[in-house]
Amino acid sequence: MTVVAASDEVLTLQRARDLATALMFAQDGLNALRNGHRPLRDVRLPTHRDFPVAFRGAARVALAFALTAALFVGLGWPATTYALVQVAAMGAMSSVNPDPLKYANGVVIGIPLAGLAAGLILLLTLPTVNGFPILALAVAPVVFAACFLILNPPTASIGFILLVYFPVLLSPGNPQSFDAQTFFGNFAQMTIVAVILATTVRVILPIRPDQARAYAFDSAIRDVRSALVGAGGDAVDRTSLNSDRIFQYAQINAGPDIVRARRLKLAFAIAHLEASAARAHDQLRAFHRDAVLQTASAQARAALAGGTVGDIEAAAQALLRAVRDADASQSLPVARAVSDLVAVARVMARHKRFLQTIAHPET
């Protein structure tokens, strides 16, 4: 059997073992939810956030809050705490929305709809009836309409705003307040907040979906370069961050189906490459003090840093040859390292035209 064939077998067996381990952890997690016992694995699940997108979102929230406060101070409008709370909430939701502009459009349309529905029910329907069943029947059509709007992607943001802010404006209570002046004051404040937020999203540091995709790819490429030289951080954390990044990327991945599929395929390839490189370095560092595996592990780490497919495959083969003379307890760690090295080489070879700039950015 050739060493190349052996590396293929190691990759297949290790991936089968990883799949079985993941299935075991998933079953244990489900049992922990059912029975309340502590799961076998307790890992951190950090989330990914591209700095340019996060900075612009935070800047818009701060500016919208400042403009709203300045406007109400200039107008001498009393009791504006309600409006400031709403602008903070709306701004925060817009900053984490995949498409802030679409969310802003939803706010401008959804707030008047929520105010109209809440006003009709609060001032015309509820004063003539009594009891919770009547209240439920009165709000049901609005809730159903909002849910149907959410199901349709072009109107999803409108339905979301209607579903969230309709009960805020209605403010059901026991006893119920039917103060029309308070209702119209709150509605006017929320409408002003919606206009200010929509304006800031459009004018102040706007981010188009193509810009967000570019930021995501730039961030992913930087992380892959770090992972290839052994500075990628904890491999488990990187896996969680990559999963969250792909989820966010899928939300802003617009265009024809074939283009979206190609972009998503590249996103998965980058995530696979980074996770495999980070795991490989974690394993190879453990061989530093092993006299038998030290040279082969150093060669493998250098090959990863170089980013050349042939060198990475040769390093994996050298590890397989070296482990024959090592202690038997090193067989499983070497198998993990070899499987990740082979995975890195295969991903880079499959997407060579796109990924060649990752290892050699100067070219």
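Relevant structure appears above.
Model, not experiment: these values are computed from the prediction.

Further remarks concern the layout of surface pockets. Approximately 970 Å³ is the volume found for the largest pocket. Lining the largest pocket we find 29 residues, and of these Asp18, Arg41, Val236, Thr239 and Arg279 sit closest to its centre. The set of elements that each furnish at least two residues to the lining of the largest pocket consists of α1 (3–35), α9 (235–252), α10 (257–285) and α13 (331–350). The leading source of residues in the lining of the largest pocket is α1, at 8 residues. Taken together, 16 residues line the second largest pocket, and the ones lying closest to its centre are Asn97, Pro98, Asp99, Lys102 and Ala156. Sorting the residues of the lining of the second largest pocket by element identifies α4 (100–125), α6 (156–170) and α9 as the ones contributing at least two each. A per-element tally of the lining of the second largest pocket places α6 first, with 3 residues. Here the lining of the second largest pocket is composed, by residue class, of 10 nonpolar, 4 polar and 2 charged.

Between side chains of opposite charge, a pair can form as their charged atoms come close. All chains considered together, the criterion is met by 5 salt bridges. Of the charged contacts in the structure, one is a salt bridge between Asp223 and Arg245, with a shortest N-O distance of 3.1 Å. Here the residue Asp223 occupies a position in helix α8 (residues 209–228), and Arg245 occupies one in helix α9, the gap between them amounting to 22 residues. By the burial criterion, Asp223 is buried, and Arg245 matches it. The residue Arg245 makes a salt bridge to Glu274 at a minimum N-O spacing of 3.3 Å.

Conventions used here
Residues numbered from 1 in each chain as written. Predicted model: local features only at pLDDT ≥ 70, side-chain atom pairs only at ≥ 80, totals over all residues. Heavy atoms only, no water. 1 Å grid on protein atoms, 1.4 Å probe; cavity = no way out; pocket = protein on both sides within 12 Å on 5 of 7 lines; lining within 4 Å. Points joined across faces, edges and corners; volume = space filled by probe spheres on them. Helix = DSSP H or I, 4+ residues; strand = E, 2+ residues; numbered from the N terminus. Nonpolar A, V, L, I, M, F, W, Y, C, P; charged D, E, K, R; others polar. Salt bridge = Lys/Arg side-chain N within 4 Å of Asp/Glu carboxyl O. Buried < 20%, exposed > 50% of the residue type's maximum accessible area, 1.4 Å probe, protein only.

None of the figures reported here should be taken as evidence of function without further support.
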